[in-house]
Amino acid sequence: MIKPTILTGDRTTGSLHIGHYAGSLRNRLRYQDSHDQFLLLADTQALTDNAHDPEKVRRSVIEVALDYLAVGIDPTRSTICLQSHLPALAELSMLYLNFVTVSRLARNPTIKDEIRARGFGRDIPAGFLCYPAAQAADITAFKATVVPVGEDQAPLIEQTNEIVRKINATAGGEILPEALAVIPKSGRLPGIDGKAKMSKSGGNAIQLSATPDAIRAAVRAMFTDPNHLRVDDPGQVKGNAVFTYLDAFDEDEAALSDLKDHYQRGGLGDAKIKSRLEDILQSLIAPIRERREQLSKDPAYIINIIRQGTDRAKERTEATKQEIIKAIGLFQL
Ligand code: TRP
């Protein structure tokens, strides 16, 4: 039986946090046996908004690979590969740019949000504006049909499928499959300050490598319900970061539902809910942190995994590139 292919990945701009875990790492762990899974260390995409700091992008390749392995990605079942070393991805990106318009790129909701968040103003790096075409190249070069990602990535998969349809129409046949974004039910995990985006640079993230003290401090500082002043006051669950995190990580649904009722009735203090969350996060992160520490002692082992994965990915992506060039009818030598 041929397994369906997964391609997903992360920009290499720093180590990953528990938002990545809830958003997509957890799904990727589930798919390791049922799918042929490729994980892309997206260093060239990272450069689209970090051209001023290639050193960070370079260093983070190992950091992200360590995070993958530490959470339980098994290199014998999933293939970890490096974007900058897969020339077919760059070549397909250039090809696909002829099948999208500048205005469609600029209308992509993810791109719009990110341009605003980065304060590019009128000085948008061309590579940044065009990265949806590059991401389409990433996905289609593997002929991936499943893409586990956080919800912010959905518009990119939608745009990928538009490009797929155009390529197929030009080729006059179904040479590329459309891809399905797999997005977690719980939605995006906010930062500990309750703000929509968790990010290391925003100082509101809990890293997968966080120490016990850092986890404790983060949970203590976590945003709850600003109007829940006394224990006896009824509290709000919606918009309360502690409950959003419990929704994402507490596996005891019945206990959680009781806890919410109690909080909403009044009589349950923030310290109690925070202590439950802290226990859950400490036991989630402890084995990840320990494995990460072990693995980080042997960078040659990590590099070897990336090298082998990239070799495997190269075969696959080169084959697809040749097929596409032929199918759309360019000259063959
Ligand atoms: N855009 C993703 C991120 O921000 C990284 C990425 C690059 C990706 N290529 C991809 C995700 C292909 C899914 C599929 O981290």
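Reading the values: the criteria
- Residues numbered from 1 in each chain as written.
- Predicted model: local features only at pLDDT ≥ 70, side-chain atom pairs only at ≥ 80, totals over all residues.
- Heavy atoms only, no water.
- 1 Å grid on protein atoms, 1.4 Å probe; cavity = no way out; pocket = protein on both sides within 12 Å on 5 of 7 lines; lining within 4 Å.
- Points joined across faces, edges and corners; volume = space filled by probe spheres on them.
- Nonpolar A, V, L, I, M, F, W, Y, C, P; charged D, E, K, R; others polar.
- Buried < 20%, exposed > 50% of the residue type's maximum accessible area, 1.4 Å probe, protein only.
- Helix = DSSP H or I, 4+ residues; strand = E, 2+ residues; numbered from the N terminus.
- Pairing = 2+ DSSP bridges.
- Right-handed = clockwise from strand over helix to strand, strands pointing away.
- Phe/Tyr/Trp six-rings, centres within 6.5 Å; stacked < 30°, edge-to-face > 60°.
- Near = heavy atom within 4 Å.
- Polar contact = N/O pair within 3.5 Å; in protein donor to acceptor, adjacent residues only side chain to side chain.
- Areas by Shrake-Rupley, 256 points an atom, 1.4 Å probe, with all protein chains shown as cover.
- Sits in = over half its atoms within 2 Å of the grid points.

## Some thoughts on the layout of surface pockets
In step 1: The space that makes up the largest pocket amounts to roughly 1,500 Å³.
In step 2: Lining the largest pocket are 50 residues, and of these Arg11, His20, Glu114, Asp152 and Lys197 lie nearest its centre.
In step 3: Residues belonging to the lining of the largest pocket are distributed by class as follows: 16 nonpolar, 19 polar and 15 charged.
In step 4: Of the volumes computed, that of the second largest pocket is approximately 600 Å³.

## A short note on the pairing of strand E2 (residues 36–42)
In step 1: A large share of E2 lies buried, amounting to seven of its seven residues.
In step 2: By the alternation rule, side chains of E2 split into Asp36, Phe38, Leu40 and Ala42 and Gln37, Leu39 and Leu41, which are all buried.
In step 3: Pairing of strand E1 (residues 5–11) with E2 involves seven bridges; the strand directions are parallel. Across the sheet, Arg11 pairs through a bridge with Ala42, a residue of E2.
In step 4: Crossover connection from E1 via helix H1 (residues 18–30) to parallel E2: handedness right-handed.

## Let's talk about the packing of aromatic side chains
In step 1: For the structure shown, the criterion picks out four aromatic pairs.
In step 2: Relative to Phe142, the ring of Phe38 lies with its centre 4.7 Å away and its plane at 45°, an arrangement referred to as tilted. Taken together, the residues Phe38 in strand E2 and Phe142 in the loop between helix H8 (131–141) and strand E4 (146–148) connect sequence positions 104 residues apart.
In step 3: When its relative accessible area of 0% is taken as the criterion, Phe142 is described as buried.
In step 4: When the centroid spacing of 5.1 Å and the interplanar angle of 70° are considered together, the rings of Phe120 and Phe128 count as edge-to-face.

## Observations concerning the site of the ligand
In step 1: Lining the immediate environment of the ligand, one finds 13 residues, of which Arg11, Gln45, Gln135, Asp138 and Gln153 sit closest.
In step 2: Contacts to the ligand include Arg11, whose backbone N or O atom sits 3.2 Å from an oxygen atom.
In step 3: The protein chains hide 92% of the 360 Å² of surface that the ligand would expose on its own.
In step 4: When atoms are counted within 2 Å of each cavity's grid points, the one that captures over half of the ligand is the largest pocket.
In step 5: Taken together, the elements giving at least two residues each to the shell around the ligand come down to E1 and H8.
In step 6: For the shell around the ligand, a count of residues per class yields five nonpolar, five polar and three charged.

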